[in-house]
Amino acid sequence: MTMSQPADLWPDVKPDAARRLMSAAVESFAKVGFHATTTRDIATAAGMSPAALYVHFPSKTALLFEISRTGHERVLALVQDVIDRDGPPADRMRLLVESFVEWHAKRHIVARVVQYELGALPEHEYTIVAGLRRRIEQAVQSLITDGVRAGVFSVPDEKVAARAVLSLGIDVARWYSERARKTPKALGREYATLVMRMLGSSA
């Protein structure tokens, strides 16, 4: 199991040893789960001694929080970048779904950890990540609202629609693998078409 582009995911994490630990933690968390992973497992996979892990992270939980926080921040930046562009709501929604799905497919291993190991975070750390998730949802909802006002989307509940759009993309991380018949880009295009129909798009 090889994680996709750790440097792209954590460009600001220094030194390289810390990135290696995050990469090793992601692979182990994705394979056996957070609770079944030991700090020794992570350190060994990163080519370090167990004691070396604590030089960079105070605990296994701190590693999970850093992975989850940075992952959500990258997704929020991706979503916000699309929403802030000029253009009709339908065009921006199509691009948003394509980008969101492609991100979760390309980085399906880290996305699986980011999205499905949240329950292992302590309350304070969970609250921080939950805040990022809320901002992502609110951003997508605002785009749907723009589309409804423009007469190109028709949904009974804009908040529920936003959650449905995000849920479709997030679930890609659960099942996608390198053996999938669709490339991440092709999958993104197909999901975008499905979402436009789901939103009752007239575009």
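Calculation criteria
Residues numbered from 1 in each chain as written. Predicted model: local features only at pLDDT ≥ 70, side-chain atom pairs only at ≥ 80, totals over all residues. Heavy atoms only, no water. Helix = DSSP H or I, 4+ residues; strand = E, 2+ residues; numbered from the N terminus. Rg over C-alpha atoms; globule rule 2.2 N^0.38 Å. Buried < 20%, exposed > 50% of the residue type's maximum accessible area, 1.4 Å probe, protein only. Contact = heavy atoms within 4.5 Å. Areas by Shrake-Rupley, 256 points an atom, 1.4 Å probe, with all protein chains shown as cover. Lys, Arg positive; Asp, Glu negative; His and termini not counted. Charge placed at Lys NZ, Arg CZ, Asp CG, Glu CD. UniProt positions renumbered as here; feature names shortened; annotations may be inferred. Axes fitted to C-alpha atoms, helices over the stretch in contact; angles between N-to-C directions. Parallel < 35°, antiparallel > 145°, perpendicular 65-115°, else oblique. Nonpolar A, V, L, I, M, F, W, Y, C, P; charged D, E, K, R; others polar. 1 Å grid on protein atoms, 1.4 Å probe; cavity = no way out; pocket = protein on both sides within 12 Å on 5 of 7 lines; lining within 4 Å. Points joined across faces, edges and corners; volume = space filled by probe spheres on them.

Before going further, it helps to examine the overall build of the protein chain. Of regular secondary structure, the protein chain possesses 10 helices and 0 strands. In sequence order, the protein chain lays out its α and β elements as α-α-α-α-α-α-α-α-α-α. Taking 2.2 N^0.38 as the reference for a compact globule, 203 residues should give roughly 17 Å; the C-alpha atoms of the protein chain span a radius of gyration of 18 Å, in line with that estimate. Expressed as a percentage of its 203 residues, the buried residues of the protein chain come to 48%. Here the analysis covers contacts within the protein chain between residues at least 6 apart in sequence; of these, 71% occur between residues at least 24 apart. If you sum the accessible surface of the protein chain, you get close to 10,200 Å²; carbon and sulfur atoms cover 51% of it. Where the 27 positive side-chain charges of the protein chain centre and where its 23 negative ones centre are 4 Å apart.

What follows covers the UniProt feature "DNA-binding region" (unreviewed entry) in the protein chain. Look at the UniProt record and you will see "DNA-binding region" (unreviewed entry) annotated at residues 38–57. Structurally, residues 38–57 comprises 70% helix and 0% strand, and the distance from its first C-alpha atom to its last is 14 Å.

Between helix α6 (residues 89–106) and helix α7 (residues 108–116), whose axes approach to 5 Å, the crossing angle comes to 100 degrees. In terms of axis orientation, α6 runs roughly perpendicular to α7. The segment α6 lies against α7, with W103, H104, A105 and K106 engaging H108, A111 and Q115. For the contact of α6 with α7, the per-class residue count stands at 3 nonpolar, 3 polar and 1 charged.

A volume near 190 Å³ is recorded for the largest pocket. As for the largest pocket, its lining consists of H72, V75, F100, Q115, R133, I136, E137, R163, L166, S167 and I170. When contributions to the lining of the largest pocket are tallied by element, the ones reaching two or more residues are α5 (60–83), α8 (123–149) and α9 (158–175). The element best represented in the lining of the largest pocket is α9, accounting for 4 residues. Among the residues making up the lining of the largest pocket, the classes are represented as 5 nonpolar, 3 polar and 3 charged.

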